[in-house]
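# Report on the structure
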Amino acid sequence: MALTGKVAVVSGASRGIGRAIAIRLAQEGAKVVIDHPGDDDAALETMSDIQKFGGEAISVKADVSSSPEVEFLFRETLETYHTVDILVNNAGICPFVDWFEVTEDLWDRVHAINLKGAFLCSQYASKIMRDHHHGGRIISISSISALVGGGLQTHYTPTKAGIRSLMQSLAIVLGPYGITCNSILPGSILTDINRDHYADKKILERDVNRIPLGRLGTPDDIAGVAAFLASDDARYITGADILVDGGLFVNLQ
Ligand SMILES: NC(=O)C1=CN([C@@H]2O[C@H](COP(=O)(O)OP(=O)(O)OC[C@H]3O[C@@H](n4cnc5c(N)ncnc54)[C@H](O)[C@@H]3O)[C@@H](O)[C@H]2O)C=CC1
Ligand SMILES: C[C@H](O)[C@@H]1OC(=O)[C@H](O)[C@@H]1O
């Protein structure tokens, strides 16, 4: 197994893409820390799915937008597994809201969870990786929205562009420590984040028709790419993006 003996922290791993990544990394042999913001039942389900195939995981309640809670997340990780080799910055929210209705509070909340959360987790994880002298992998779930706009996502797309930019800058700073920093840019993946949005069949049909591969993505479509970036095969990749969108981005005409 490609990740045997590695310790991976996955933020927002109770559901959706984070959950699929946590399970896939555990299938590859990693010991996984399932971060969640208080989503206990779903986090326990992720953990029990991992334990069913003999994988190892713990779950830790920590809101990534809070520095003391992120400190707690990494303290618990060190107490149980003694190091961190892989961080996946996945936690995120995307309320679909009209531009004229976007409040300062909403703007701040989305930025605090999506972008500040990636900053806090990356800084805590990279200090451990630096001090333990074994290199590491930081993988952030940005979005196709780092490259294009979204009419109902004016408060969200800047956070995804920011995460991609953070990974590029961290690739420079952390390269000398053997820590790679990359982004995955998913297109439209059906999860709880957009389930209500896609309950509107017209919106669903419109979006699917724009995807050359003819379907929305699944969390597993992203999990395999995260496992690759965490593996030794990706050792010379840093500061890069992998767009995983079924061809949506190139479908202009
Ligand atoms: N579903 C999609 O089409 C796309 C999703 N993404 C990104 O993928 C990531 C995962 O989203 P999905 O799995 O789709 O949505 P989801 O809603 O299924 O999962 C989001 C996860 O983040 C966790 N979370 C929310 N606030 C948190 C906080 N303060 N601290 C810790 N965890 C928190 C939730 O508990 C949940 O496990 C997000 O960053 C999202 O922006 C990017 C591109 C497309
Ligand atoms: C949640 C949305 O469906 C999803 O989020 C993104 O980042 C993509 O751009 C999609 O719009």
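Conventions adopted
Residues numbered from 1 in each chain as written. Chains lettered and ligands numbered in written order. Predicted model: local features only at pLDDT ≥ 70, side-chain atom pairs only at ≥ 80, totals over all residues. Helix = DSSP H or I, 4+ residues; strand = E, 2+ residues; numbered from the N terminus. Rg over C-alpha atoms; globule rule 2.2 N^0.38 Å. Buried ≥ 20, exposed ≤ 12 C-beta atoms within 10 Å, placed from the backbone. Core = buried A, V, L, I, M, F, W, Y, C linked by C-beta atoms within 7 Å. Pairing = 2+ DSSP bridges. Axes fitted to C-alpha atoms, helices over the stretch in contact; angles between N-to-C directions. Expected span 1.5 Å × (residues − 1). Arc of directions from axis to C-beta. Contact = placed C-beta atoms within 7 Å. Near = placed C-beta within 6 Å. Nonpolar A, V, L, I, M, F, W, Y, C, P; charged D, E, K, R; others polar. Right-handed = clockwise from strand over helix to strand, strands pointing away.

### Overview of the overall build of the protein
Secondary structure assignment for the protein yields seven helices and seven strands. Taken from N to C terminus, the helices and strands of the protein fall in the order β-α-β-α-β-α-β-α-β-α-β-α-α-β. A compact globule built from 253 residues would reach a C-alpha radius of gyration of about 18 Å, and the protein, at 17 Å, matches this within 12%. By principal-axis analysis of the C-alpha atoms, the protein measures approximately 50 × 40 × 40 Å. Burial analysis of the protein (253 residues in total) assigns 44% to the buried set.

### Re the nonpolar core
Nonpolar side chains in soluble globular proteins generally cluster together in the buried interior. In terms of nonpolar packing, the biggest core is built from 64 residues, with A8, V10, I21, A22, L25, V32 and A226 touching the most fellow members. In terms of residue count, helix α4 (residues 104–132) provides more of this core than any other element does, 10 residues in total.

### Considering the pairing of strand β1 (residues 7–10)
Of the two faces of β1, the one holding V7 and V9 and the one holding A8 and V10 are both buried throughout. Bridge analysis of β1 against strand β2 (residues 31–36) gives four bridges, and the strand direction is parallel. Note on β2: the bridge partner recorded for V7 is K31. Note that β1 and strand β4 (residues 86–89) share three bridges and pair parallel. Bridge pairing links A8 to I86 in β4.

### Some remarks on the sheet that holds β1
The strand order across the open sheet built from seven strands is β3-β2-β1-β4-β5-β6-β7, with neighbouring strands paired in parallel fashion. Edge strands, defined here as strands with exactly one partner in the open sheet, are β3 (56–61) and β7 (241–244). Neighbour-to-neighbour, the strand axes of this sheet turn through a mean angle of 15 degrees, independent of strand direction.

### Some words on helix α3 (residues 67–81)
Given a rise of 1.5 Å per residue, 15 residues ought to cover 21 Å, and the 21 Å separating the end C-alpha atoms of α3 matches this to within 8%. Taken residue by residue, α3 has V70, L73, F74 and T77 as its buried positions. For α3, the angular spread of the buried residues around the axis is 85 degrees, confining them to a single face. Residues of α3 that are exposed and point over 90 degrees away from its buried face: P68 and E79. Residues of α3 that are buried in the fold lie against β1, β2, β3 and α4. Once α3 finishes, H82 follows within two positions and takes phi at roughly 75 degrees, a positive value.

### Quick notes on the site of ligand 2
Around ligand 2, the structure places C94, S143, I144, S145, G150, K160, S188, I193 and N194. Residue composition of the shell around ligand 2, by class: three nonpolar, five polar and one charged.

### Notes on the site of ligand 1
Taken together, 29 residues are adjacent to ligand 1, and G12, G16, A91, G92 and I193 come closest. Elements with a minimum of two residues in the shell around ligand 1: α1 (16–27) and β2. When grouped by side-chain class, the residues that make up the shell around ligand 1 number 11 nonpolar, 13 polar and five charged.

### Side note on unusual backbone geometry
For H82, which is not a glycine, the phi torsion comes out positive at approximately 75 degrees. By the element assignment, H82 lies in the loop between α3 and β4. Judged by the 11 C-beta atoms lying within 10 Å of it, H82 falls in the exposed class.

### Focus: the pairing of β2
Among the six residues in β2, six count as buried, and that is most of the element. This β-α-β element, β1 to α1 to β2, shows right-handed connectivity. Summarising the sheet, β2 and β3 pair through six bridges and their orientation is parallel. By the bridge assignment, K31 is partnered in β3 with E56.

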